[in-house]
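Survey of secondary and tertiary structure
Residue strings, one per chain:
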Amino acid sequence: FAKLNALLLPIDAMLGDYPEIVLDDDSAYYVNQGQAVQVSNAPESGKLRMYKEDDSFLGMGRIDEDGKVCPDRLLKLVE
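Residues numbered from 1 in each chain as written. Predicted model: local features only at pLDDT ≥ 70, side-chain atom pairs only at ≥ 80, totals over all residues. Heavy atoms only, no water.

Tallied over the entire structure, the rule returns two aromatic pairs. Seen from their ring centres, Tyr-29 and Tyr-30 are 5.2 Å apart, and the 80° between their planes marks the pair as edge-to-face. When the ring of Tyr-51 is compared with that of Phe-57, the centres are 5.4 Å apart and the planes differ by 55°; the resulting orientation is tilted. (Phe/Tyr/Trp six-rings, centres within 6.5 Å; stacked < 30°, edge-to-face > 60°.)

This is the structure we're talking about:
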């Protein structure tokens, strides 16, 4: 299986055209609960990729009319 795993791309490989935002642990917690959060380094509008500080991919989000980061599609990885 190791050789096959080496051929797999990361789940977010096809999303490279979207801006990336890194959420601290508190913000990531609330986003995972479906809540919008205020993030200082967020783009002004559009869709984006969301990551936790440990570089794990959370899912896709968007910027709402209040400038908050809202979750759109979240990913729950099972280890």
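On we go from here.
Our focus in this paragraph is the sheet that holds strand S3 (residues 57-63). In space, the four strands of this open sheet follow the order S1-S2-S3-S4, with mixed pairing throughout. Only two strands of the sheet have a single neighbouring strand rather than two, namely strand S1 (20-23) and strand S4 (69-74). Going across the sheet, the axis of each strand differs from the next one's by a mean of 40°, ignoring polarity. Where S3 lies against S4, five bridges are found, and the strand directions are antiparallel. If you follow Arg-62 over to S4, its bridge partner there is Cys-70. Sitting on the sheet, helix H2 (residues 25-32) touches S1, strand S2 (47-52), S3 and S4, and the angle it makes with S1 is about 105°. (Pairing = 2+ DSSP bridges. Helix = DSSP H or I, 4+ residues; strand = E, 2+ residues; numbered from the N terminus. Axes fitted to C-alpha atoms, helices over the stretch in contact; angles between N-to-C directions. Contact = heavy atoms within 4.5 Å.)

What follows deals with the pattern of salt bridges. Evaluated as defined, the whole model comprises three salt bridges. For the salt bridge of Glu-20 with Arg-49, the shortest nitrogen-to-oxygen distance reads 3.7 Å. Linking Glu-20 in strand S1 with Arg-49 in strand S2, this pair joins segments that are 29 residues apart in sequence. Overall, Glu-20 belongs to the partly exposed group, its relative accessible area being 46%. Among the residues examined, Arg-49 registers a relative accessible area of 12% and is labelled buried. Arg-62 serves as the salt-bridge partner of Asp-72, at 2.9 Å between the closest nitrogen and oxygen. Within this pair, whereas Asp-72 is found in strand S4, its partner Arg-62 is found in strand S3, the two being separated by ten residues in sequence. Overall, the relative accessible area of 24% leaves Asp-72 in the partly exposed class. (Salt bridge = Lys/Arg side-chain N within 4 Å of Asp/Glu carboxyl O. Buried < 20%, exposed > 50% of the residue type's maximum accessible area, 1.4 Å probe, protein only.)

Next up on the list: the nonpolar core. Counting eleven residues, the largest nonpolar core is built from Ile-21, Leu-23, Ala-28, Val-31, Val-37, Val-39, Leu-48, Met-50, Leu-58, Ile-63 and Val-69. Breaking this core down by element, the ones donating at least two residues are S1, H2, S2 and S3. Those residues in contact with Ile-21, other than ones at most four positions away along the chain, are Val-39, Asn-41, Ala-42, Leu-48, Arg-49, Met-50, Tyr-51 and Val-69. (Core = buried A, V, L, I, M, F, W, Y, C linked by side-chain atoms within 4.5 Å.)

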